[in-house]
There are 2 protein chains.
Amino acid sequence: MLKLYHGPAAANGLKVLIALHEKALDFQRVYLDLHRFEQHEPWYVAINPDGQVPTLVHDGFVLTQSSVINEYLEDAFPDAPALRPRDAQGAARTRGWNKYIDENYMEAVSMHGWKFRLSDLTRQMDPAEFETYMQRIPLERQRRKWRAVRAGFPDEALAAAIVKVGEALDRLELQLTDTPWLAGGQYTLADVNFFATGGNSIERLFPQLLAGDIRPRFRDWLGRINARPAVQAALATPAQ
Amino acid sequence: MLKLYHGPAAANGLKVLIALHEKALDFQRVYLDLHRFEQHEPWYVAINPDGQVPTLVHDGFVLTQSSVINEYLEDAFPDAPALRPRDAQGAARTRGWNKYIDENYMEAVSMHGWKFRLSDLTRQMDPAEFETYMQRIPLERQRRKWRAVRAGFPDEALAAAIVKVGEALDRLELQLTDTPWLAGGQYTLADVNFFATGGNSIERLFPQLLAGDIRPRFRDWLGRINARPAVQAALATPAQ
């Protein structure tokens, strides 16, 4: 049995939701309200000591980190539709993109996503209540990020993040002049990762990066992914 | 044919050298003198646009990023001795550790490694000569790191890095109370990664973390890895 603990159908949670739907795997869901810090509650930290979503449990085996989870699904369900190329070169191209996305793109998008969604929420909280939640966060770097979004991320950091997002979109645009998908001729975990990390949200968070008719290949790629039934199903995951 | 472009037998280059020797694969080597910034010379940047080592070229297919390279070797040479468990759970545990090492441990060790090896070298350089080298570096974050090591990394950053290294060693120690190797019963790419990123260098760079008889499992694990013929062969790779 597969059981997914997740928050909203966005970012790392969306990555795994899309993979599960693309592979047509049955799974149970447990929704956590991240705005109420449910991911740091003791019952959940007992499952995922980092207090982060998503977590996937497969017949009692606990998996964390969405990129690791999605590769696991490829290994554990080899007869389901493949999102990782079966040839070594295609798998390497997929992993190269995933590494780039995880280490360069994700945090840059995330900073602006947090600002957009969590600035007001955290500022409106009673300071003592906020501190109570902070004390429960297992990872020091996550605690720092929550404190930073409440205080307001520094302008230079926000600007540097926009530069990084623009570079990632340039890199995607360049790749798509050569191949229809990021890792070649096949839609892979790399496309799922880039899309879930920052696909539909780019227009809202970084309108300046899509002004005019620039980045046409990104728009086309986005449209092709949004048209996939599995992606529509994943995006429609209820927040409850 | 396999051709490895590498610097000293340390860190990311050592990771791939160990994997190649463990798998008993024949390969050619091209040594780059990183202290002369050969990794940023145009002929090499034409092969690896990031201007970083290592790069592996397999029959014309160019691979960068040591963690991606080492997984590729598993896929491309399935009949060679395996460093990635063949079961899905073992592979996921290996990748979980690799992700943790790449995103948390590596940079912390690296900062102190750079300080140890490159502070004097960069400070003794003529400013104009140093700037000439800087202009050739493709990655902005690498340029920043070279400038920072010359200026001296901030004390708080160095202290924070020591905390991170200590946390990683704690995590390793805890794992080794349960299993002989990081990902379970089998020596894997995760052990190779942790060892190459910061194994033998810990005693020299962070003596305070090994004072007294603490971290006995780390010492034992280090001894078992150093005793492997493939590791000895990799460590003996000539710097030329």
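These notes cover the structure that comes with them. Since this is a predicted model, take the numbers as computed values, not measurements.

**Concerning the nonpolar core**
So, point 1. B:Y105, B:W146, B:V165, B:F194 and B:W221 are the most contacted members of the largest nonpolar core, which totals 66 residues.
So, point 2. Per element, the largest residue contribution to this core is nine residues, and it comes from helix α4 (residues 88–124) of chain B.
So, point 3. Once you skip the residues sitting within four places of it in the chain, B:Y105 turns out to touch B:Y100, B:V165, B:A168, B:L169, B:F194, B:T197, B:G198 and B:I202.
So, point 4. Judged by nonpolar contacts, the second largest core, of 65 residues, contains A:L63, A:V68, A:Y105 and A:M111.

**Here we look at the sheet that holds strand β2 (residues 28–31) of chain A**
All names here are of chain A.
So, point 1. On the basis of which strands lie adjacent, the open sheet formed by four strands has the order β2-β1-β3-β4 and mixed pairing. On the outer flanks of this sheet lie β2 and β4 (61–64), each paired with one strand and no other. Averaged over all pairs of adjacent strands, the angle between strand axes in this sheet comes to 20°, irrespective of strand direction.
So, point 2. Taken strand by strand, helix α3 (residues 66–76) contacts β3 (55–58) and β4, and its axis lies near 130° from that of β4.

**Section: the environment of B:P85**
Residues and elements named next belong to chain B.
So, point 1. Looking at where P85 falls in the secondary structure, it is placed in the loop between α3 (66–76) and α4.
So, point 2. Once the C-alpha coordinates of P85 and I101 are considered, the two residues, 16 residues apart in sequence, prove to be 18 Å apart.
So, point 3. Those residues within four positions of P85 in sequence are excluded, and the remaining contacts are G90, A91, T94, Q186 and T188.

**Quick word on the pairing of β3(A)**
Residue and element names in this part refer to chain A.
So, point 1. The two faces of β3 match: T55 and V57 on one face and L56 and H58 on the other face are all buried.
So, point 2. Across four bridges, the pairing between strand β1 (residues 2–6) and β3 is antiparallel. By the bridge assignment, Y5 is partnered in β3 with T55.
So, point 3. Note that β3 and β4 share four bridges and pair antiparallel.

**A short note on the interface of chain B and chain A**
So, point 1. Taken together, the contact between chain B and chain A spans 22 residues of the former and 22 residues of the latter.
So, point 2. Summing both sides of the interface, chain B and chain A together bury roughly 1800 Å²; the carbon and sulfur share of this comes to 60%.
So, point 3. It is B:F61, B:R95 and B:K99 that lose the most area in chain B upon contact with chain A, and together they represent 28% of the buried surface on that side.
So, point 4. With a closest N to O distance of 3.0 Å, B:R95 and A:D75 form a salt bridge.
So, point 5. Counting every contact that joins chain B to chain A gives eight residue pairs in polar contact (both at pLDDT 80 or more).
So, point 6. Residue assignment for the side of chain B that touches chain A shows that the elements contributing at least two residues are β4 (61–64), α3 and α4 of chain B.
So, point 7. Here the side of chain B that touches chain A takes 11 residues from α4(B), the largest share from any one element.
So, point 8. Tallied by class, residues from the side of chain B that touches chain A come to eight nonpolar, five polar and nine charged.

**Points about the packing of helix α1 (residues 11–22) of chain B against helix α8 (residues 189–198) of chain B**
Relative placement of two packed helices is described by the angle separating their axes and the distance separating the axes.
Residues and elements named next belong to chain B.
So, point 1. Orientation of α1 relative to α8, taken along the N-to-C sense of each, is 140°, at an axis distance of 8 Å. Relative to α8, α1 is oriented oblique. The interaxial crossing formed by α1 with α8 has right-handed handedness. Here α1 contributes A11, L14, K15 and I18 to the contact with α8, which in turn contributes V192, N193, F195, A196 and T197.
So, point 2. When the residues that make up the contact of α1 with α8 are grouped by side-chain class, the tally is six nonpolar, two polar and one charged.

**Some remarks on the sheet that holds strand β2 (residues 28–31) of chain B**
Residues and elements named next belong to chain B.
So, point 1. Pairing in this open sheet of four strands is mixed, and the strands run β2-β1-β3-β4 from one edge to the other. Strands with a single pairing partner mark the edges of an open sheet, and in this sheet they are β2 and β4. Strand-to-strand twist of the sheet, defined as the mean angle between neighbouring strand axes without regard to direction, takes the value 20°.
So, point 2. Strand direction decides the pairing type here: strand β1 (residues 2–6) and β2, joined by four bridges, are parallel.

**Considering the relation of the copies chain B and chain A**
So, point 1. Superposition of chain B onto chain A requires a rotation of 180° combined with a translation of 0.0 Å along the rotation axis, giving an RMSD of 0.0 Å. The superposition of one copy onto the other is thereby described by a two-fold rotation axis. Rotation axis and chain B: the residue whose C-alpha lies nearest the axis is B:E103, separated from it by 3.7 Å.
So, point 2. Residue by residue, 100% of the interface of chain B is reproduced at the interface of chain A, so both copies engage with the same surface.

**Remarks on the pairing of β4(A)**
So, point 1. Of the two faces of β4(A), only one is covered, namely that formed by A:F61 and A:L63; the face formed by A:V62 and A:T64 stays uncovered.
So, point 2. In textbook terms, the turn of a hairpin is the stretch between consecutive antiparallel strands, and for β3(A) and β4(A) this stretch comprises two residues, one of which, A:D59, has a positive phi near 50°.

**Focus: the pattern of salt bridges**
So, point 1. The tally for this structure, following the rule as stated, stands at 36 salt bridges over all chains.
So, point 2. Of the charged contacts, one joins A:R143 and A:E140 as a salt bridge, the two residues approaching to 2.8 Å between their closest N and O atoms. Residue A:R143 and its partner A:E140 are both found in helix α6 (residues 140–151); the two are separated by three residues, about one turn of the helix.
So, point 3. Take A:R143: its relative accessible area is 19%, and that puts it in the buried class.
So, point 4. Relative accessible area serves as the criterion here: at 40%, A:E140 is assigned to the partly exposed category.
So, point 5. Two residues, B:R144 and B:E140, come together in a salt bridge whose shortest N-O distance is 3.5 Å. Note that B:R144 and B:E140 are positioned in helix α6 (residues 140–151) at a spacing of four residues, about one turn of the helix.

Scoring rules and cut-offs
Residues numbered from 1 in each chain as written. Chains lettered and ligands numbered in written order. Predicted model: local features only at pLDDT ≥ 70, side-chain atom pairs only at ≥ 80, totals over all residues. Heavy atoms only, no water. Core = buried A, V, L, I, M, F, W, Y, C linked by side-chain atoms within 4.5 Å. Buried < 20%, exposed > 50% of the residue type's maximum accessible area, 1.4 Å probe, protein only. Helix = DSSP H or I, 4+ residues; strand = E, 2+ residues; numbered from the N terminus. Contact = heavy atoms within 4.5 Å. Pairing = 2+ DSSP bridges. Axes fitted to C-alpha atoms, helices over the stretch in contact; angles between N-to-C directions. Buried area = accessible area lost by both parts, 1.4 Å probe. Salt bridge = Lys/Arg side-chain N within 4 Å of Asp/Glu carboxyl O. Polar contact = N/O pair within 3.5 Å; in protein donor to acceptor, adjacent residues only side chain to side chain. Nonpolar A, V, L, I, M, F, W, Y, C, P; charged D, E, K, R; others polar. Parallel < 35°, antiparallel > 145°, perpendicular 65-115°, else oblique. Left-handed = near helix turned anticlockwise from the far one by under 90°. Least-squares fit on C-alpha atoms with pLDDT ≥ 70 in both.

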